[in-house]
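One-letter residues, chain by chain:
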Amino acid sequence: MRKPVPVVDLFSGPGGLAEGFAALQTKGGRSRYRIELSIEMDEVAHRTLRLRAFLRKFRAFPDEYYEYVNGLLPSEPDWATLYSEEWEESGNETPRVELGTDEATKLLRKRVRAIRRKHGTRTVLLGGPPCQSYSVAGRARNAGNPNYDINEDERLSLYKEYAMVLGKLQPWIAVMENVKGMLSAEYEGARVFDDVMAALQNAGGRNRYRLLALAPATGSHSWKDGLEPKDFLVRAEEHGVPQRRHRVFVICIRTDVAATLPEGMFPKLKPREEQVVLSDVVGEMPQLRSRLSRGDDGGAWQSAVEDAYGLVGKHLPELSRSQERKFRSALKLARKSASGEPLPFRDLSVIGAAGVASSCPESLRDWFRDENLKRLPNNETRGHIREDIGRYLYAAAFARTFGRSPRAEDFPSELAPEHANWKSGKFADRFRVQLADKPSTTITSHISKDGHYFIHPDPSQCRSLTVREVARLQTFPDNYLFRGGRTQQYVQVGNAVPPYLAHQIAEQVVKVVWHRDRKLQRSVRQQQQMANGTRRLRGRSGGKSNRR
């Protein structure tokens with residue numbers, strides 16, 4: 001029986017990367033990986049991370065957990081009292097420290113030594129150093145900040161912490177993730193990506209690391225072997241994730257391990273023929289109404305939708321006859337939801353096994369589904385001002401009619417917000433509908449501040465996406481609970497690695513470990529056979545000399 005592969009996860013966030021690895025199981029339900037250490041500094045993300053680590057201590061989640069997320073308990077159970085041993089283990093697995101500090105360095109040295117004593121170097125390292133300074137949006141914000149000094153931005157060098165742990169742990173294989181902007185970011189005139197790759201490559205000392213791309217456009221495998229920086233981009237929508245998320249992934253294999261791998265064994269992701277789209281994973285979720293930021297209740301919301309229906313109906317865009325039928329049909333969906341019983345603003349349904357469209361690939365449906373859930377956690381809408389209800393309705397109807405989200409110039413003046421830069425062209429897609437028949441745009445932490453870029457495609461709901469809906473687009477299982485307030489939950493989801501994508505990477509990585517296991521086992525058997533043969537020869541030789 002193969003032992004689970006020990007994993008160390010740095011800059012863990014809420015745990016998306018580790019979740020993909022931890023969820024890979026044998027046919028008998030045993031995990032192929034064991035998370036030994038996950039480190040995160042943010043207090044709220046750490047609470048999410050620790051809770052998930054705690055739940056993984058059980059073959060089946062505790063009944064109290066389902067009672068809590070299903071709304072049957074008034075407050076969260078005291079896990080430390082109910083399951084003291086498992087809760088303590090989860091705390092040991094997920095220390096909350098800030099990498100780069102003296103405290104974190106001391107802890108890592110101690111824990112890495114312990115892991116190497118127990119497992120040797122048969123380990124995997126994961127992590128995505130914070131990326132705000134590399135991202136295109138982050139660089140734009142920094143450029144507009146007169147007090148920003150790139151030389152004092154410690155986030156630029158956090159990849160060195162990852163490389164430091166890589167050198168001390170000496171794992172057989174490591175996975176580093178970062179934003180696309182890392183490929184073009186520069187520091188003091190030099191390309192950051194080159195420095196990152198050099199740090200990773202040399203982290204092993206005598207056993208350097210071979211750096212590989214997961215989905216290269218060329219036939220090459222290794223960095224500086226015909227690969228371009230862009231070859232390290234992984235497009236999530238090509239691998240079953242319902243989101244156009246493009247991220248850098250670097251696979252680091254220790255050179256002595258890589259030297260034993262046959263050509264077809266190097267980790268590689270193959271694009272899938274069909275993309276998963278938003279409606280596949282969100283379309284069958286419970287219908288919810290937006291809330292009003294002031295004076296909210298069901299009747300007030302219905303009144304706001306009725307007003308929006310009347311306003312939009314008087315100021316249609318330029319349409320052909322068939323387009324006008326489509327547009328008005330979409331508006332009628334909102335009119336219908338404004339009459340009768342108001343929609344709820346949080347999930348109160350008994351969903352059981354429902355909530356995922358039949359068009360969604362079966363493997364992804366099974367990935368989301370948990371038969372013990374009776375309602376979806378973190379599925380509550382945010383509040384919007386009354387004027388935005390009309391803009392959301394117009395945008396959703398426009399998207400249904402034209403198959404694209406409207407830009408600023410597509411809005412009638414009566415619906416235009418009072419923004420000085422509305423017609424400047426800088427925010428032309430200020431109100432962006434996520435199209436039902438396409439993967440969503442990249443889910444980012446910015447959704448925590450502004451829902452305008454993530455409008456639900458259903459005109460009857462007139463709202464932005466909930467935390468659970470964006471968690472679906474990020475492929476978090478439905479039983480993954482995000483802690484903190486709604487704003488903090490959005491940030492966690494936006495910063496995470498899609499677990500379903502991480503799961504596919506985990507499948508590729510474990511093949512390398514198993515191949516190395518077989519090589520070592522074969523070597524041990526050969527040494528034993530040689531030793532046994534030598535003993536037999538000595539025995540026969542000794543016997544002859546005794547007979548003389």
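What you see is a predicted model; the values in this text were computed from it and never measured.

(A) Local environment of the packing of helix α13 (residues 321–337) against helix α15 (residues 386–402). Across the interface, α13 lies against α15 with an axial gap of 9 Å and an inter-helix angle of 140 degrees. Considered as vectors, α13 and α15 are oriented oblique to each other. Viewed along their axes, α13 and α15 form a crossing whose handedness is right-handed. Within the contact between the two elements, α13 uses Q323, K326, F327, A330, L331, L333 and A334 and α15 uses L393, Y394, A397, F398, R400, T401 and F402. Among the residues forming the contact of α13 with α15, the class breakdown is ten nonpolar, two polar and two charged.

(B) Broad picture of the environment of F249. Positionally, F249 belongs in strand β9 (residues 246–254). If near-sequence neighbours (up to four positions away) are discounted, F249 is found in contact with V175, M176, E177, L212, L214, F232, V234, V497, L501 and I505.

(C) Focus on the nonpolar core. With 40 residues, the main nonpolar core has L10, L125, F193, L200, F232 and V250 as its most contacted residues. When residues of this core are traced back to their parent elements, those giving at least two are β1 (5–10), α6 (102–119), α8 (159–169), β4 (173–179), α9 (192–201), β7 (209–212) and β9. With 38 residues, the next largest nonpolar core counts F21, A22, V241 and M265 among its residues.

(D) Fine view of the pattern of salt bridges. Taken as a whole and judged by the stated rule, the model has 27 salt bridges. For the salt bridge of E93 with K57, the shortest nitrogen-to-oxygen distance reads 2.6 Å. Taken together, the residues E93 in helix α5 (residues 84–93) and K57 in the loop between α2 (43–55) and α3 (63–69) connect sequence positions 36 residues apart. As a salt-bridge pair, R407 and E409 come within 3.7 Å of each other at their nearest N and O atoms. Judged by relative accessible area, which is 37%, R407 ranks as partly exposed. Put simply, E19, R52, R56, K57 and E93 are held in one network by salt bridges that share partners.

(E) The environment of Y500, seen in detail. Structurally, Y500 can be placed in helix α18 (residues 499–547). Looking at Y500, the relative accessible area reads 5%, which means it is buried. Between the C-alpha atom of Y500 and that of G403, which follows or precedes it by 97 residues, the distance is 28 Å. Discounting residues that sit within four places of it in the chain, Y500 has contacts with H239, G240, R272, S363, L364, W367 and T475. Side chain to side chain, Y500 and S363 meet in a polar contact 2.8 Å long.

(F) Just helix α17 (residues 486–495), in detail. Buried residues of α17: Q489, Y490, Q492, V493 and G494, and no others. On its buried side, α17 packs onto α2 and α16 (467–473).

(G) Main features of the packing of helix α12 (residues 298–314) against α15. Running from N to C, α12 and α15 point in directions that differ by 55 degrees, and their axes come no closer than 9 Å. What the angle tells us is that α12 and α15 run oblique. In this structure, α12 meets α15 at a crossing whose hand is right-handed. For the pair formed by α12 and α15, the contact residues are A300, W301, S303, A304, V305, D307, A308, Y309 and V312 on the first element and R386, I389, G390, L393 and Y394 on the second. Tallied by class, residues from the contact of α12 with α15 come to ten nonpolar, two polar and two charged.

Thresholds applied
Here the residue numbering is sequential within each chain, running from 1 through the sequence in written order. Selection of residues for local features in this predicted model requires a pLDDT of at least 70, selection of side-chain atom pairs for listing and counting requires 80 or more, and totals for whole chains, interfaces and linings are taken over all residues. Only hydrogens and water are set aside; all other atoms, that is, all heavy atoms of the structure, feed into the side-chain values. Simply put, an axis is a line fit to the C-alpha atoms, just over the touching stretch for a helix, and the angle between two N-to-C directions goes from 0 to 180 degrees. Starting at the N terminus, helices and strands are each numbered in turn, a helix being any DSSP run of H or I of at least four residues and a strand any DSSP run of E of at least two. An angle counts as roughly parallel when it lies under 35 degrees, as roughly antiparallel when it exceeds 145, as roughly perpendicular when it falls between 65 and 115, and as oblique in every other case. Should the near helix be turned anticlockwise from the far one by less than a right angle, the crossing is left-handed, and should it be turned clockwise, the crossing is right-handed. A contact between two residues is defined here by any heavy atoms of the two lying within 4.5 Å. For this scheme, ten residues count as nonpolar: Ala, Val, Leu, Ile, Met, Phe, Trp, Tyr, Cys and Pro. Four count as charged, namely Asp, Glu, Lys and Arg, and the remainder, Gly too, count as polar. Note on terminology: a nonpolar core comprises buried Ala, Val, Leu, Ile, Met, Phe, Trp, Tyr and Cys residues joined through side-chain atoms within 4.5 Å. Partly exposed describes any residue whose relative accessible area lies between the buried limit of under 20% and the exposed limit of over 50%, with all areas from a 1.4 Å probe on protein chains only and scaled to the type maximum. The term salt bridge refers to a pairing of a side-chain nitrogen on Lys or Arg with a carboxyl oxygen on Asp or Glu at a separation within 4 Å. N or O atoms within 3.5 Å of each other form a polar contact, as long as, within protein, one can give a hydrogen and the other can take it, and as long as residues adjacent in sequence are counted only when both atoms are side-chain atoms.

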